[in-house]
Amino acid sequence: MIRKLYFLICLTFICSCGSALYIPKEPSVIYNASLEELQMGRKHYVDYCSSCHALYKPSDLSATGWTNAVEEMAERSHINNEQKELILKYLWTASAAAN
């Protein structure tokens, strides 16, 4: 019983974090990203990054901070250069929107 309750609490927490993330609604002129690219970047961020750790809010880091963090984690998370670029465009845009 306790195990099931713990599982449900964890699942609720994980699901609520994903929905609290910035959701792109328009292209980014600053980072030259289409709406589709930003949506794919968000999907990759949620899929790849949350498989190992809790997701950080995009506003937690600057564009430079996100670049460094994603570069450091890219190899460990097995993302290719295209996925990495989409994730970065999403995080840069979301960080700028929050600040």
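Residues numbered from 1 in each chain as written. Predicted model: local features only at pLDDT ≥ 70, side-chain atom pairs only at ≥ 80, totals over all residues. Heavy atoms only, no water.

## So, the overall build of the protein chain
1) Next: For the protein chain, the helix and strand inventory stands at four helices and zero strands.
2) Next: Burial analysis of the protein chain (99 residues in total) assigns 31% to the buried set.
3) Next: As presented, the protein chain carries roughly 6,900 Å² of accessible surface, and 61% of it is formed by carbon and sulfur atoms. (Helix = DSSP H or I, 4+ residues; strand = E, 2+ residues; numbered from the N terminus. Buried < 20%, exposed > 50% of the residue type's maximum accessible area, 1.4 Å probe, protein only. Areas by Shrake-Rupley, 256 points an atom, 1.4 Å probe, with all protein chains shown as cover.)

## Structural notes on the packing of aromatic side chains
1) Next: Tallying each qualifying case throughout the model produces four aromatic pairs.
2) Next: Relative to tryptophan 92, the ring of tyrosine 31 lies with its centre 5.4 Å away and its plane at 40°, an arrangement referred to as tilted. Here the residue tyrosine 31 occupies a position in the loop between α1 (2-20) and α2 (35-49), and tryptophan 92 occupies one in helix α4 (residues 81-98), the gap between them amounting to 61 residues.
3) Next: Residue tyrosine 31 is classed as partly exposed on the basis of its relative accessible area, which comes to 25%.
4) Next: What links up through ring pairs into an aromatic cluster is the set Tyr22, Tyr45, Trp66 and Tyr90. (Phe/Tyr/Trp six-rings, centres within 6.5 Å; stacked < 30°, edge-to-face > 60°.)

## With respect to the side chain of lysine 89
1) Next: Turning to its location among the elements, lysine 89 is positioned in helix α4.
2) Next: Here lysine 89 falls in the buried class, since its relative accessible area comes to 12%.
3) Next: Among residues more than four places away in sequence, those in contact with lysine 89 are Tyr31, Asn32, Ala33, Glu37 and Leu38. (Contact = heavy atoms within 4.5 Å.)

## A word on the nonpolar core
1) Next: Residues Tyr45, Trp66, Val70, Ile87, Tyr90 and Leu91 are the most contacted members of the largest nonpolar core, which totals 14 residues.
2) Next: Those elements that place two or more of their residues in this core are α2, α3 (63-77) and α4.
3) Next: Counting residues per element, this core draws most heavily on α4, which supplies six residues.
4) Next: The residues touching tyrosine 90, leaving out its near neighbours within four places in the chain, are Leu21, Tyr22, Pro24, Leu38, Gly41, Arg42, Tyr45 and Pro58. (Core = buried A, V, L, I, M, F, W, Y, C linked by side-chain atoms within 4.5 Å.)

## Focus: the confidence of the model for the protein chain
1) Next: Mean pLDDT over the protein chain stands at 86; residues scoring 70 or higher make up 81%.
2) Next: The element-level mean pLDDT for the protein chain is lowest in α1, coming to 53, with α2 highest at 96.
3) Next: A low-confidence stretch, residues 10-18 stays under pLDDT 50, and its non-local contacts, those more than four residues away or across chains, total one contact. (pLDDT = per-residue confidence, 0-100.)

## Concerning the pattern of salt bridges
1) Next: Overall, the coordinates contain four salt bridges when judged by the stated rule.
2) Next: Close ionic contact of glutamate 71 with lysine 84 constitutes a salt bridge, the shortest N to O distance being 3.2 Å. Highlighted residues: glutamate 71 in helix α3 and lysine 84 in helix α4, separated in sequence by 13 residues.
3) Next: Overall, glutamate 71 belongs to the partly exposed group, its relative accessible area being 43%.
4) Next: A relative accessible area of 14% means that lysine 84 is categorised as buried. (Salt bridge = Lys/Arg side-chain N within 4 Å of Asp/Glu carboxyl O.)

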